[in-house]
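Single-letter residue listing:
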Amino acid sequence: MMDLKEKLTVLNKWEFKKSAYELLIATAYFDDETIAPKSGQNYRYERLALMAGEIYEISVDPKIKELLFELEKEELDEVTKRKVKLLKKEFEETAKIPQDFYKAFTKASLEAQAAWMRAKEQDDYTIFKPHLIKLIDYQKKMALYRRPDSDPYETMLDDYEEGMNKKAYDEFFDLIKKELLPLIEKVAKKQIIKDDFIHAYYPKDKQAKLMEKINCLLGFDKSWGYMGISAHPFTSGFSNNDVRVTTSYDEHNISSAIYSIIHEVGHAFYEHQIDAAFEGTVLKNVSSGMHESQSRFLENYIGRRKSFIKNYYPYLQDLYKENLKDVDLDEFYRGVNIVRPSLVRVDADELTYPIHILIRYELEKGIFDGSIDPNELDRIWNEYYEKYLHVKVRSAKEGILQDIHWSGASFGYFPTYALGSAVASEIFHYMKKELDLDSLLEKGDLKAITDYLKVKVHRYGALYDLNTVLKKSFKEGFNPRYYIDYLKEKYQKLYQLD
Ligand code: ZN
């Protein structure tokens, strides 16, 4: 018989081994997305598939499973208790999925991703449609295998944000509908902001210099952070002191790279500032909504604030005199905050963004409660865009095919994007009480801000769920009211509405 200390040593060794494989796989994927020649992809993917198999074997190790059941009965400290709980949940649920089903599911999802890519390239939904319908069915079954007594969509929502459910999301999105849709209508009627200068020609090489400047301003330091270039920006946290972000340049939209890099650096700070004791453990796996709250915080609440823009704008103006010499700070500030109902989520402005998520949430909910026929999804997608944002979908590429999520069977993920924005608002509300934000930002001093985020949010990692973190730090759980009030105040002022 092992004593508690020995049991924990075995568990820690196992987590260390698992994290070693994870590090190598993450490194290979970062390399694949950024610098590796495309033609070497087959060779890489074959080897990576083997690595994935190895890591799967480690993750389902029956000895560890047994150990977790034993540990659960012991007197444990808070951190170990949470770790055991999270790991045990993973083990139990994986064990409930029949292996043949799992294999078929993985195959279907790989085929669906390939089909989605082809469909998007050719702008032809019929290529992807049968795959999507199949995936919906698979994902429903998968959720039922894992938690036979739960509503499948509830299981999916809980996967991405522990503790969130249809009831909580319904209330949240009802509020968005009631309060933001009328505001968007008013703003849309009052087009007083110009942003043509944002869409002038901005050569890439100079944009790269600007990103250096912005990273420096944010405190994204080369001693722990690295920026690469990829088709779709993302963040990969290998460890606390090795966090990679990527960006992509649009030569006809200067705000695209600026705000995508600030967004990713927001994710990066989270990865960097999680308690170092959690490195290489399950406690680094922060929920999607919580993670997104940090990227949105930096992007919208800091990055789109005039006192922040003031720091980089003279440099930007000097880099591209031909486009910006007659555009003053105020005009540029308004330009990057323009509201324009549109078709594509990733290009959406801050105010209409949650409506894109509302649409996806209503569709997903309908698919899984049976009120929406999956065969009709594209038609209903277009209908909802017309109903809520008054825009007409003219091509599937800009409609149902725009996001990658469903092709990977990620249902229940989207709502966390809007949740993250709203949580950021709550943090912003409390931060302003303690920090003189504008004077810090005018000085270009972001350290006090990122330190605040570390103490109130980052350090906890996955030790607590979202609501518990908020309660611990602000004595108040999730409250979407802050988000609504913030958006109303900001856009009423910007658009001079009364
Ligand atoms: Zn993000």
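Report follows, based on the coordinates.

### Looking at the overall build of the chain
The secondary structure content of the chain amounts to 21 helices and three strands. The principal-axis extent of the C-alpha atoms belonging to the chain is close to 75 × 50 × 50 Å. In the chain, which comprises 498 residues, the share counted as buried stands at 53%. Intrachain contacts of the chain at a sequence separation of at least 6 include 72% that bridge at least 24 residues. For the chain, the accessible area works out to roughly 23400 Å², and carbon and sulfur atoms hold 51% of it. Distance between charge centroids for the chain: 1 Å, based on 74 positive and 84 negative side chains.

### Details of the side chain of Thr 246
Structurally, Thr 246 can be placed in strand β3 (residues 242-247). Thr 246 gets classed as buried once you look at its relative accessible area, which sits at 0%. Engagement of the side chain of Thr 246 in a polar contact is seen with the side chain of Ser 230, the distance being 2.7 Å. The residues contacting Thr 246, other than those within four sequence positions of it, are Phe 30, Thr 34, Gly 228, Ile 229, Ser 230, His 232, Pro 233, Phe 234, Ile 261 and Glu 264.

### What to know about helix α19 (residues 447-456)
Considered for burial, the residues of α19 that qualify are Ile 449, Thr 450, Tyr 452, Leu 453 and Lys 456. Take α19 and look down its axis: the buried residues cluster within an arc of 155 degrees, on one side only. Buried residues along α19 sit in contact with α9 (204-218), α10 (254-273), α11 (288-302), α17 (415-434), α18 (437-442) and α20 (466-474).

### Focus: the packing of α10 against helix α12 (residues 306-319)
At a minimum axis distance of 14 Å, the contact between α10 and α12 shows a crossing angle of 135 degrees. Put simply, α10 runs oblique to α12. For α10 against α12, the interelement crossing comes out right-handed. Between α10 and α12, the residues in contact are Ile 254, Ile 258, Tyr 259 and Ile 262 and Phe 308, Ile 309, Tyr 312 and Leu 316, respectively.

### Side note on the sheet that holds strand β1 (residues 225-229)
Strand order in the open sheet formed by three strands is β1-β3-β2, and the pairing between neighbours is mixed. The open sheet has two edge strands with one neighbour each: β1 and β2 (235-239). Taken over all neighbouring pairs, the strand axes of this sheet differ in orientation by 20 degrees on average, direction set aside. Both β1 and β3 contribute to a ladder of five bridges, which runs parallel. Looking at β3, one finds that Gly 225 is bridged to Val 243.

Thresholds applied
Residues numbered from 1 in each chain as written. Predicted model: local features only at pLDDT ≥ 70, side-chain atom pairs only at ≥ 80, totals over all residues. Heavy atoms only, no water. Helix = DSSP H or I, 4+ residues; strand = E, 2+ residues; numbered from the N terminus. Buried < 20%, exposed > 50% of the residue type's maximum accessible area, 1.4 Å probe, protein only. Contact = heavy atoms within 4.5 Å. Areas by Shrake-Rupley, 256 points an atom, 1.4 Å probe, with all protein chains shown as cover. Lys, Arg positive; Asp, Glu negative; His and termini not counted. Charge placed at Lys NZ, Arg CZ, Asp CG, Glu CD. Polar contact = N/O pair within 3.5 Å; in protein donor to acceptor, adjacent residues only side chain to side chain. Arc of directions from axis to C-beta. Axes fitted to C-alpha atoms, helices over the stretch in contact; angles between N-to-C directions. Parallel < 35°, antiparallel > 145°, perpendicular 65-115°, else oblique. Left-handed = near helix turned anticlockwise from the far one by under 90°. Pairing = 2+ DSSP bridges.

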